[in-house]
Amino acid sequence: MTESVRPDFWDPACVEEVERLELQRARSFGVLESMVDGLVIADADGQIVYWNGRVEELLGPGLPLRVGLSATEFKRLLAARSTDPDRGLDQLSCSAIDLHRLPHLDLEMAGPQPLTLQVLQFPISGPQGEDWGCGLILRDVTEQRQMDKVKANLLAVVSHELRAPLSSIKGFATTLLRTDVDWGESARHEFLTIIDEESDRLADLVEELLDTSRLVLGQFTIEPEELEIKPLLERIVAQAQSKGSPHRFALEIVGEPAPIWADPRRLQQILHNLVDNAIKYSPEGGQITVRCQTQGDKLVISVTDQGRGIPQNEQGLLFEPFYRGRTAEGGQQTGLGLGLSLCRGYVEAHGGQIWVRSAPQQGSTFYFSLPLRPPLATPQPGEATGNATA
Ligand code: ADP
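Residues numbered from 1 in each chain as written. Predicted model: local features only at pLDDT ≥ 70, side-chain atom pairs only at ≥ 80, totals over all residues. Heavy atoms only, no water.

## Things to note about the packing of helix α6 (residues 229-242) against helix α7 (residues 264-280)
Where we set the bar: To obtain an axis, a line is fitted to C-alpha atoms, over the contacting stretch when the element is a helix, and the angle between two such axes runs from 0 to 180 degrees between their N-to-C directions. Runs of E in the DSSP output that reach at least two residues are strands. Runs of H or I that reach at least four are helices, and both are numbered from the N terminus. Any angle that falls under 35 degrees is termed roughly parallel, while one over 145 is termed roughly antiparallel, one within 65 to 115 roughly perpendicular, and all others oblique. By definition, turning the near helix anticlockwise from the far helix through less than a right angle yields a left-handed crossing, and turning it clockwise yields a right-handed one. Pairs of residues are marked as contacts when any of their non-hydrogen atoms sit within 4.5 Å. Each residue receives one of three labels: charged for Asp, Glu, Lys and Arg, nonpolar for Ala, Val, Leu, Ile, Met, Phe, Trp, Tyr, Cys and Pro, and polar for the others, Gly being one of them.
Relative orientation of the contacting elements α6 and α7 amounts to 40 degrees, with a least axis distance of 11 Å. Classed by the angle they form, the pair α6 and α7 counts as oblique. Between α6 and α7 lies a crossing of right-handed hand. Seen from α6, the contacting residues are Ile229, Leu232, Leu233, Arg235, Ile236, Gln239 and Ala240; seen from α7, they are Leu267, Gln268, Leu271, His272 and Val275. Grouping the amino acids of the contact of α6 with α7 by side-chain chemistry returns eight nonpolar, three polar and one charged.

## Some thoughts on the environment of Ala359
Here is the rule: Whether a residue is buried, partly exposed or exposed follows from its accessible area with a 1.4 Å probe, protein chains only, as a fraction of its type maximum: under 20%, in between, or over 50%, in that order.
Note that Ala359 resides in the loop between β11 (354-358) and β12 (364-371). Residue Ala359 is classed as partly exposed on the basis of its relative accessible area, which comes to 24%. Remark: the alpha-carbon pair of Ala359 and Ile310, spanning 49 residues in sequence, is separated by 5.6 Å.

## Considerations on the pairing of strand β5 (residues 131-140)
The condition is simple: Pairing between strands is defined by DSSP: at least two bridges between them are needed.
Bridge count for strand β1 (residues 38-42) against β5 is five bridges, and the pairing is antiparallel. What sits directly across from Ile41, in β5, is Gly135. Relative to β5, strand β4 (residues 115-125) is paired through nine bridges, and the arrangement is antiparallel. What sits directly across from Gln118, in β5, is Arg139. Linking β4 back to β5 in an antiparallel pair, the connection comprises five residues, with Gly129 at a positive phi of about 85 degrees.

## Overview of empty space enclosed by the protein
Threshold: Think of a 1 Å grid over the protein atoms and nothing else: a 1.4 Å probe that fits but is trapped marks a cavity, an open set flanked by protein within 12 Å on at least five of seven lines marks a pocket, and residues with an atom within 4 Å of a point count as lining. Grid points are joined across faces, edges and corners, and a volume is the space filled by probe spheres set on the points.
Applying the stated rule across the entire model yields two cavities of 30 Å³ or more. Lining the largest cavity are Val40, Ile41, Ala42, Ile48, Ala71, Phe74, Cys134, Gly135 and Leu136. Of all the secondary-structure elements, those providing two or more residues to the lining of the largest cavity are β1, α3 (71-80) and β5. For the lining of the largest cavity, the class distribution of residues is eight nonpolar, one polar and no charged.

## A few points about the nonpolar core
So the rule is basically this: What we call a nonpolar core is a set of buried Ala, Val, Leu, Ile, Met, Phe, Trp, Tyr and Cys residues that are connected through their side-chain atoms within 4.5 Å.
Ile260, Leu267, Ile301 and Phe368 are the most contacted members of the largest nonpolar core, which has 42 residues in total. For this core, the secondary-structure elements that each account for two or more residues are α6, β8 (260-262), α7, β9 (287-295), β10 (298-305), α9 (339-349), β11 and β12. Val55, Leu78, Leu107 and Leu115 belong to the second-largest nonpolar core, a separate cluster that totals 21 residues.

## Side note on the pattern of salt bridges
Where we set the bar: Whenever a carboxyl oxygen of Asp or Glu lies within 4 Å of a side-chain nitrogen of Lys or Arg, that contact is scored as a salt bridge.
On inspection of all chains with the given rule, the structure shows 16 salt bridges. Shared partners join several salt bridges into a network, and the residues in it are Glu207, Asp211, Arg214, Arg265 and Arg266.

Written as structure tokens, this is what we have:
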């Protein structure tokens, strides 16, 4: 900013007014420079008169911006730095007066960092509505656009997963309703079994989505009780065997585990998810081992398979909602990528932890721990804690 020059003979009122105006100007300047968006202002002749510091941060150094450069030329320079130089920036006009309908467009900027810039133009008017030029806002919308893509992708995946069982149910119900064919008792039974199983699959998918939303919103609760782990693990392994899976199953329980404090429904869901994944992601005939061992004040349960294994760089992402790894992509395995994130949510709700050990071509072991005792209630003020010295 330029320094003010104040002659000594100025009237004190005049000095005060100048100081007030200087303060006002400094404040306006501070506001414009602190904007998170880039701002470029052109006068009524279409010549640039101001741009804030954020413009250079967004567009990088070396942009030949100068006072007097025409706004049209600036737009041309901007478009030239994007991946689509013919993107019609010159179509942005100053005519719109409705803020929600201001002319704008997205530019994908070329460079080492992916950057999506929204360019927005607005008219500037004087107090009597006279044309004072226009402003151009440059807004970094990279994250927003990426989120939009993730959401659209998510909707596509969820719809696809819901549509498969729905079409099956619809198809077999329509078939059964046909009056021109007598299907016979055995075919009818087969169709109804498929409808029954597919309805369960649909209900499970909806339940998974609801649990995910409860976990994300922090509204998930468990109903724990004292539980013997051995019969529960035996049941899970027997169920997996009875489904006719072409895998071999083994159960190893070390010692006599003490009862745990857990929600039986959630514990079964964790184990079902881990065993189902072991089946899904390992070759036919491979061995799947469920182990259980007490470690200090925790019980550690694991599920090991002889599958393709998981690369190190994917392992940190497996427990994120909707993440599907390379083992799943391109394969025939269905899934929303919610199983492991739900396992993590259920385990953590019990005060436990979940983790994986795996290497490509060497199978995977998923572990989770559960505390053996219910968490101690927080002592109330004045309540005896067992270590009173009096
Ligand atoms: P989904 O099975 O529906 O894809 P999950 O949340 O259960 O979702 O698993 C996330 C990803 O973790 C899977 O897409 C898969 O790539 C990987 N994964 C899970 N379990 C195993 C396993 N036992 N072996 C190899 N990869 C696995």
